[in-house]
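The lines below spell out each chain.
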Amino acid sequence: MVSEISIRDVKIGGNRPLVLIAGPCVIENELATLRAAERLMTICNAVGMPLVFKASYDKANRTAVTSFRGVGVKEGLRILGKVRESLEIPVLSDVHSIEQVQPAAEVLDVMQIPAFLCRQTDLVVAVAKTGKVVNVKKGQFLAPWDMENAVGKAVSTGNERIILTERGASFGYNNLVVDMRSFPIMRRTGFPVVFDATHSVQLPGGLGGASGGQREFVEYLARAAVATCIDGVFMEVHENPDKALCDGPNSIKLDDLADLLKQLKSIDAIVKRI
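How each quantity is defined
- Residue positions are given per chain, counting from 1 as you read along its sequence in written order.
- A pLDDT threshold of at least 70 governs which residues receive local features in this predicted model, and a stricter bar of 80 or more applies before side-chain atom pairs are shown or counted, although totals over entire chains, interfaces and linings include all residues.
- Note that the side-chain values use all heavy atoms of the structure and ignore hydrogens as well as water.
- Strands are runs of DSSP state E lasting at least 2 residues, helices are runs of H or I lasting at least 4, and numbering of each runs from the N terminus.
- Put simply, the radius of gyration uses C-alpha atoms, and a globule should come to 2.2 Å times the residue count raised to 0.38.
- The accessible surface values rely on the Shrake-Rupley method and a 1.4 Å probe; as for residues, cover is taken only from the protein chains in view.
- Neither His nor the chain ends is counted toward charge; the positive residues are Lys and Arg and the negative residues Asp and Glu.
- By convention, the point assigned to a charge is CZ for Arg, NZ for Lys, CD for Glu and CG for Asp.
- To define axes, lines are fitted to C-alpha atoms, for helices over the stretch in contact only, and angles between the resulting N-to-C directions are given on a 0 to 180 degree scale.
- In this scheme the handedness of a crossing depends on how the near helix is turned from the far one: anticlockwise by less than a right angle means left-handed, clockwise means right-handed.
- Between two residues, a contact is recorded if the distance between any of their heavy atoms is within 4.5 Å.
- Any residue that is not Ala, Val, Leu, Ile, Met, Phe, Trp, Tyr, Cys, Pro, Asp, Glu, Lys or Arg is counted as polar, Gly included; the first ten are nonpolar and the last four charged.
- By this rule, a helix spans an expected 1.5 Å times one less than how many residues it contains.
- Only protein chains enter the accessibility calculation, which uses a 1.4 Å probe. A residue is then buried if its area is under 20% of the maximum for its type, exposed if over 50%, and partly exposed in between.
- Polar contacts here mean pairs of N or O atoms no more than 3.5 Å apart (in protein, one a potential hydrogen donor and the other a potential acceptor; neighbouring residues in sequence count only if both atoms are side-chain atoms).

1. Some points on the overall build of the chain
For step 1, the next point in the chain: Scanning the chain from terminus to terminus reveals eight helices and 15 strands.
For step 2, the next point in the chain: By the compact-globule yardstick of 19 Å for 274 residues, the chain fits well, its C-alpha radius of gyration being 17 Å.
For step 3, the next point in the chain: Taken along the three principal axes of its C-alpha coordinates, the chain extends 45 × 45 × 40 Å.
For step 4, the next point in the chain: Approximately 11,500 Å² of the chain is accessible, and the part contributed by carbon and sulfur atoms is 51%.
For step 5, the next point in the chain: Side-chain charges of the chain comprise 32 positive and 31 negative groups, with the mean position of each set lying 2 Å from the other.

Take a look at the structure:
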């Protein structure tokens, strides 16, 4: 049985209905971030799906040194704090270094270990020690059963508020594939599992100086993943993905989100018999 975890008023795991973790890839500015959060909240309230808002204050793993990384730790956390308090929704962001852990823990409800850093023992342990919910993204280079080791590192601190996220596995160069077997395998750890539907259609470094993506396939992979009885779906969304400063090619347009969420909610209700 998968454990149930509380993220403020949001419950994920157990046999709870599907949770959405969504937001723009990176904080571009305060106004756009608040606008995206408000629209997401309105959409999720209408559909009846719990929401955790996601946006990165710093993307330390961009393809090129000239790529936009965000507004920085201090300003980014201030904006996320404003989203959290003004809209009363939980917030999530990536933590890339031990130095970021303490200030991030003062604001975030969920602290995310990026996929490339999921084997970094000191970082995983430091984040888990805060007692916050820890979302560990599975590295593109790991087998799903290897995530038991990441879980062991977090649990060693006494923190059992853990979520695991699948975001695709490297397949040759500049491509990812999703093995649907990974979802039940990772759920055997006893912790909730989330599918990152938008990063899984990313083409890492596919544009040379930036990553490409195939957002037209997000809906297909998302429906298939939800049918395996996962606990949440992670999506990067933007009001105009073609103008996004980060991960636009694999982001979902906000206008298209509601219809997809309705489909996912229906599938989730069938497989969980709720």
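2. Topic: the packing of helix H1 (residues 30-47) against helix H2 (residues 73-87)
For step 1, the next point in the chain: Two elements in contact, H1 and H2, have axes whose closest approach is 10 Å; the angle formed by their N-to-C orientations is 35°. Crossing of H1 against H2: the hand is right-handed. Contacts from Glu30, Thr33, Leu34, Ala37, Glu38 and Met41 of H1 reach H2 at Arg78, Ile79, Lys82, Val83, Ser86 and Leu87.
For step 2, the next point in the chain: Residue composition of the contact of H1 with H2, grouped by class: six nonpolar, two polar and four charged.

3. A short note on the environment of Leu264
For step 1, the next point in the chain: Tracing the backbone through its elements, the reader meets Leu264 in helix H8 (residues 257-272).
For step 2, the next point in the chain: For the pair Leu264 and Cys44, spaced 220 residues apart in sequence, the C-alpha to C-alpha distance is 12 Å.
For step 3, the next point in the chain: If we ignore the near neighbours within four places in the chain, the residues touching Leu264 are Leu18, Ala222, Arg223, Val226, Val233 and Met235.

4. Re H1
For step 1, the next point in the chain: Relative to the 26 Å expected for 18 residues at 1.5 Å per residue, H1 spans 26 Å between its end C-alpha atoms, a close match to the ideal helical length.
For step 2, the next point in the chain: By the burial criterion, the buried members of H1 are Ala32, Thr33, Leu34, Ala36, Ala37, Leu40, Ile43, Cys44 and Val47.
For step 3, the next point in the chain: Taken together, the buried residues of H1 touch strand S3 (19-23), strand S4 (51-54), H2, strand S14 (232-238) and H8.
For step 4, the next point in the chain: Between a side-chain oxygen at the N-terminus of H1 and the backbone nitrogen of Leu31 the separation is 3.2 Å; the capping residue is Asn29.
For step 5, the next point in the chain: With its phi angle positive at about 85°, Gly48 sits one or two positions after the end of H1.

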